[in-house]
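The residues making up each chain are set out below.
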Amino acid sequence: MELLTSAVETAAAAKSPNLWGALGCALAYSGALFATIDAFADLLLTRGDGAGGRLSPALRLKAGSKIAAAAITVVSAALVLALDANWFAFSALSIVFAVLVGIAALVLVRQRAHVRERTAVFDAPATRRGGAEPTADGV
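Now for a quick tour of the structure. Just so it is clear, the structure is predicted and the values come from calculations on it, not from any experiment. Every chain is numbered independently, its residues counted from 1 as its sequence is written. Where totals are concerned, whole chains, interfaces and linings use all residues; where local detail is concerned, this predicted model gives features only for residues with pLDDT of at least 70, and gives and counts side-chain atom pairs only at 80 or more. The side-chain quantities take in all heavy atoms of the structure and omit both hydrogens and water.

**Some points on the overall build of the chain**
And step 1. The helix and strand tally for the chain stands at 4 helices and 0 strands.
And step 2. Secondary structure of the chain in N-to-C order comes out as α-α-α-α.
And step 3. Only protein chains enter the accessibility calculation, which uses a 1.4 Å probe. A residue is then buried if its area is under 20% of the maximum for its type, exposed if over 50%, and partly exposed in between. In the chain, which comprises 139 residues, the proportion classed as buried is 22%.
And step 4. Of all intrachain contacts in the chain linking residues separated by at least 6 positions in sequence, the fraction that spans at least 24 positions is 72%.
And step 5. Accessibility throughout is a Shrake-Rupley quantity obtained with a 1.4 Å probe, and a residue counts as covered only by protein chains that appear here. Of the roughly 9800 Å² that the chain leaves accessible, carbon and sulfur atoms contribute 70%. Here a helix means four or more residues in a row that DSSP labels H or I, a strand means two or more in a row labelled E, and each is numbered from the N terminus. Throughout, a contact is declared for two residues whenever any of their heavy atoms are within 4.5 Å.

**As for the nonpolar core**
And step 1. To qualify as a nonpolar core, a set must consist of buried Ala, Val, Leu, Ile, Met, Phe, Trp, Tyr and Cys residues joined through side-chain atoms within 4.5 Å. Residues Tyr29, Phe40, Leu43, Leu81 and Phe97 are the most contacted members of the largest nonpolar core, which totals 21 residues.
And step 2. At the level of elements, α2 (19–45), α3 (57–83) and α4 (87–122) are the ones that each hand at least two residues to this core.
And step 3. At 9 residues, the largest contribution of residues to this core is made by α2.
And step 4. Residues within four places of Leu81 in sequence aside, it is in contact with Ala22, Cys25, Tyr29, Asn86, Ala89, Phe90 and Leu93.

**Considering α3**
And step 1. The terminal C-alpha atoms of α3 lie 38 Å apart, and with 27 residues this matches the ideal 39 Å at 1.5 Å per residue to within 8%.
And step 2. Of all the positions in α3, only Ala63, Lys66, Ala70, Val74, Ala77, Ala78 and Leu81 are classed as buried.
And step 3. The first or second residue beyond α3 is Ala85, which carries a positive phi of 60°. Given a helix with a known number of residues, its expected span is that number minus one, times 1.5 Å.

**A closer look at the packing of α2 against α3**
And step 1. Convention adopted: a line fitted to C-alpha atoms gives each axis, helices being fitted over their contacting stretch, and angles between N-to-C directions are expressed from 0 to 180 degrees. Between α2 and α3, the least distance of the axes is 8 Å, while the angle of their chain directions is 160°. Taken together, the axes of α2 and α3 lie roughly antiparallel to each other. Here α2 and α3 pass one another in a crossing that is left-handed. Residues Ala22, Cys25, Ala28, Tyr29, Ala32, Ala35, Thr36, Asp38, Ala39, Phe40, Asp42 and Leu43 of α2 form the contact with α3, whose participating residues are Lys62, Ala63, Lys66, Ile67, Ala70, Thr73, Val74, Ala77, Ala78, Val80 and Leu81.
And step 2. Three residue categories are used. Nonpolar comprises Ala, Val, Leu, Ile, Met, Phe, Trp, Tyr, Cys and Pro, charged comprises Asp, Glu, Lys and Arg, and polar comprises the others, including Gly. Considering only residue class, the contact of α2 with α3 consists of 17 nonpolar, 2 polar and 4 charged. Each angle receives one of four descriptions, namely roughly parallel if under 35 degrees, roughly antiparallel if over 145, roughly perpendicular if within 65 to 115, and oblique otherwise. Note on convention: the crossing is left-handed when the near helix lies turned anticlockwise from the far helix by less than a right angle, right-handed when the turn is clockwise.

**Here's the deal with unusual backbone geometry**
And step 1. The phi dihedral of Ala85 falls on the positive side, at around 60°, and the residue is not glycine.
And step 2. Within the secondary structure, Ala85 is located in the loop between α3 and α4.

The values are spatial; any link to function lies outside them.
Below you can see the structure in the form of structure tokens.
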């Protein structure tokens, strides 16, 4: 009976969070954040390289694989923190990751809207612009 009560007391005792595990998960979150922002930067920087502002399939695959790897990393690091019951690190890292990726996504969306607006003005009918057709260099 005494063995049973000591087992229950041991199980009920609050264990301290694994700080090395939290540090490893923080590094995983930061790596995933870097990969996500790098993928967004690839999408922003290479937008004008292709014909008509479109990305090649290879560049889309590259950016998509970075985002997929970042998602897998974040989910696995979040699971490790949740299983370790380190809710502070889980909450803090998840909130920071979501906010920074949200800001980067907002920049990406705004840039795409700006490019669409700029190309719509460039592709407008010649009658609206005074009859002048743009040359190859855009003048």
